[in-house]
Each structure stands twice: as structure tokens, then as C-alpha cells.
Amino acid sequence: MKLNRFAPAAILAAGALTLSACGGSSATGEEGNGGGGGEGSNLSGTLTGIGASSQKAAMDAWIADFTSENSDAQVQYSPDGSGAGREQFLGGNAQFAGSDSYLDEDEIETAKDVCGPDGAYEFPVYISPIAVAYNLEGVDEVKLSAETIAKIFKGEITKWNDEAIASENEGVELPDEQITPVHRSDDSGTTENFTEYLADAAGDTWDEEPADAFPSAFGGEAAQGTDGVVQTVNDTPGAIGYADASAVGDLGTVHVKVGEEYVEYTPEAAAKVVDASEPVEGRGDGDLAIDLKRDTTESGAYPIVLVSYHLVCSTYQDQETVDLVKAWENFVVSEEGQQSAAESAGSAPISDDLRSQITEILDTIEVKS
């Protein structure tokens, strides 16, 4: 298989951010509504997916839309976290996985044992800002640099009226209130993306290696999954946490310092960081992993962003599974599927160029010989 690697600036074309009317190709590749065939669909069986909780809102929408058009097909997704998703997928316990971080070198090799000699394919399906959300009554806007965020989550800044925070928020009346940093208790791609941002943008202030497990030495409150972090911040006055932006609800969200300005999260601002990024070097033809440029100083870019992937096998045991995986993933990346995610989760739709590359990859999935 020989596939063209994507040009980074094409990942999120400007036009992709405009939520236009539904249409385009169906999940089976035929012109239609993108749902995979409606009453005439011959798809059947059950797909099991496990992984990133960040994708939950989008996944709920994708499953509802896909199964409404394919009444004999079922898709089950358990949002147990990216680490659990990769582990179960590589253990042969799921037909696909969602992950907020791409496979490492050891996982790529393990995938060959499970998926055949071409291993697993991974491609972006969900692009979204990670919000730094806080619970601070009467404070509508907080501005923070990467260094200050790092010190808060390391436990070095413990009060909201600390001089480091106050100096970035002139004119804001900050309370003499304890800060409770909240992090994920489970292995999480959101944590890896967040700590990767701190490692790249906060300089020597954050000297930990990025990882999907938050450094236990820093203390704070731990919560399971995206929903757990948001609930804990909601329930704890003075708390601050990080979570997929689609899940933070009415919590306040930090404007992050980029260059000499402070940027609020939006899908468009997240897209600017992705556009400035490069493909990961040395990956296989079926691998569309992205090396995000977290320390960008581009005006209007929001650097705390996750690119969440789907992982599928290059081969499966039977044709029914092959057909169902192809149809499902083609729907997820279709114009209709991406619009559904944008409306449900506030994500940024992928570009037509990236969609074309993904569908080319999906077309090569086959039955194990």
C-alpha cells in the first residue's frame, strides 16, 4: 500500500470550519446521506470500541446517526480512557479504539501481532480544544500563561490572589481562596496532551515528561474520566481542571497566553495550531499521526488542543467485520459525521483532503489471509 502523507496545512481547511448543510458520500461509499444505506442497508453485526472519554459526545452522535441508518448494525463504545482503549484494542478485545494520543513504537509492533503484518491504522477523527476550566464565583475571565498554569498544577501556587495570577489579571478582583487543582486519575490522552503543552510551552517550570498518567507527586484531586474531572471542578469552589472543551458546560475557562496575547478556546483557534503542525516522522503509510506545535506564538492560536484518533486493524477475521468497520469509520469521517460531531461537541471538522486520505486507507482493510 502506498499512500500520500498529508500536508499539515490541509488538515483543517478554513472552509471545513463552516458548518454547511449535510450531504456527500454515505458510509458505504455511495452518494447519499452519509448514514450507510438506510432501510436498504445490508450491514449487520456489532462493533466494540473502547477509549477516549473526550470523544464521548461526538461518539454518542455518531452512533445514533449511524445505527439509525443501519438497523441491523450495532456500535458499542466504552469511554474508559485512551490508555484503556489502546490496551484493549491491542489485546484483541475491541474492533476499534479511540485515543487522544497516537501509538508509540512498542504499540506499533504489538499491533502487528493482533492486526497482521501491516498492523493498525490510526487517523484523526476528532479535533478539539482542551479547556482549562475553573470554579470561581464572581470571576468571569481569568488569563494565565503556561508557566502560571504549570505552577498551579504542581501545587506551587495555592491561592487565587497569588501575585503571579494577579499580575496577569489587572483589574480583576481575585479572592483569597484556596486553589484545588483537579487531574485525571486514569491513564488519559487528555492528560498526555495537557502535559505535553506544559512541557513545550512552560519552559523549565514543567520538567516532567509528557505522559498519559498525571504526576502523582504534585498532589491535587484526582477524578476518573472527563466527566469526573468536570464534576469535581463543579462541586469544588476554587477548583481548576483540564478537560475536553465540549464537556465543561458553564464553568469559567482560562484565556491562555500565546505570544503577547491571551487566547480563548474555539475550534477555529485550535485549528490554527493543527495547521502549524507536522506529521510524525517515520510512520507507516496507514498512519496519520500529527506532531502538534504546542509552543506556537501565532496570533489567535489556542495551543492546548487534542487530536483524537481512531485505531483500526488492517485485517479482520471475517468479511462482515471488515464491511462494518469500513462503513462505520467512513461515516465518522464523512462530511455528515464530522458536522454531527461539531454540532454535538463543538469540535473542528476535518478537511476534505484529510478525509480523502483516510478513506483511501480504509479501502485497504481486508480479511486475514
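These numbers were taken from a predicted model, which means no experiment stands behind them.

Asks: Quick one: what's the story with empty space enclosed by the protein, residue by residue and with numbers?
Replies: Taken as a whole and assessed by the stated rule, the structure comprises 1 cavity of 30 Å³ or more. Taken as a whole, the largest cavity encloses approximately 30 Å³ of empty space. For the largest cavity, the full set of lining residues is A133, V229, V230, V233, G241, Y242, A243, V248 and L251. When residues of the lining of the largest cavity are traced back to their parent elements, those giving at least two are α7 (225-235) and β8 (239-244). Of the residues that constitute the lining of the largest cavity, the class distribution is 8 nonpolar, 1 polar and no charged.

Asks: Run through helix α11 (residues 352-362), naming residues and quoting values.
Replies: Taken as a whole, α11 has its buried residues at L354, R355, Q357, I358, I361 and L362. Mapping the buried residues of α11 onto a view down its axis gives an arc of 165 degrees, with all of them on the same face. Here the buried face of α11 lies against β4 (120-134), α9 (319-333) and α10 (335-345).

Asks: Tell me what's going on with a negative patch on the surface, and back it up with residues and numbers.
Replies: Together, D200, E278, E281 and D291 make up a region of like negative charge exposed at the surface. Residue position: E281 is located in the loop between β11 (278-279) and β12 (290-291).

Asks: An account of the pattern of salt bridges is requested, with residue identities and associated values reported.
Replies: Applying the stated criterion across every chain, the model contains 13 salt bridges. With a closest N to O distance of 3.2 Å, D287 and R283 form a salt bridge. Side by side, D287 and R283 carry an identical accessibility label, which is buried. Residue D295 is joined to K293 by a salt bridge in which the shortest nitrogen-to-oxygen separation is 3.6 Å. Judged by relative accessible area, K293 falls into the partly exposed class, the value being 38%. Members of the salt-bridge network, linked through shared partners, are E105, E122, R283 and D287.

Asks: Break down the nonpolar core for me, citing the residues and quoting the values.
Replies: Soluble, globular proteins show a tendency: their nonpolar side chains are buried together. W62, F66, F153, I240 and W328 are the most contacted members of the largest nonpolar core, which totals 91 residues. Of the residues forming this core, the biggest block, 9 residues, is contributed by β4. Taken together, domain 1 (46-127 + 277-290 + 306-367) and domain 2 (130-271) each give at least three residues to this core, which thus spans both. Membership of the second largest hydrophobic core comes to 12 residues, among which are V233, A239, V248 and L251.

Asks: Which residues make up the pairing of strand β9 (residues 252-258), and what values do they have?
Replies: Across the 7 residues of β9, 6 count as buried, placing the element largely inside the fold. Both β4 and β9 contribute to a ladder of 2 bridges, which runs antiparallel. Residue A133 lies in a different strand from β9, and its bridge partner there is T253. Here 3 bridges tie strand β5 (residues 142-144) to β9, and the two strands are oriented parallel to one another. Bridge pairing in β9 links L144 to V256. Direction of pairing for β9 relative to strand β10 (residues 261-263): antiparallel, over a ladder of 3 bridges. The residue bridging V258 from the neighbouring strand is E261, located in β10. Here β9 hands over to β10 after 2 residues, with G259 in that stretch at a positive phi of 65 degrees.

Definitions and limits used
Residues numbered from 1 in each chain as written. Predicted model: local features only at pLDDT ≥ 70, side-chain atom pairs only at ≥ 80, totals over all residues. Heavy atoms only, no water. 1 Å grid on protein atoms, 1.4 Å probe; cavity = no way out; pocket = protein on both sides within 12 Å on 5 of 7 lines; lining within 4 Å. Points joined across faces, edges and corners; volume = space filled by probe spheres on them. Helix = DSSP H or I, 4+ residues; strand = E, 2+ residues; numbered from the N terminus. Nonpolar A, V, L, I, M, F, W, Y, C, P; charged D, E, K, R; others polar. Buried < 20%, exposed > 50% of the residue type's maximum accessible area, 1.4 Å probe, protein only. Arc of directions from axis to C-beta. Contact = heavy atoms within 4.5 Å. Patch = residues over 30% accessible without salt bridge, like charges linked within 9 Å, V, L, I, M, F, W, Y side chains within 5 Å. Areas by Shrake-Rupley, 256 points an atom, 1.4 Å probe, with all protein chains shown as cover. Salt bridge = Lys/Arg side-chain N within 4 Å of Asp/Glu carboxyl O. Lys, Arg positive; Asp, Glu negative; His and termini not counted. Charge placed at Lys NZ, Arg CZ, Asp CG, Glu CD. Core = buried A, V, L, I, M, F, W, Y, C linked by side-chain atoms within 4.5 Å. Domains from an automatic or database assignment. Pairing = 2+ DSSP bridges.

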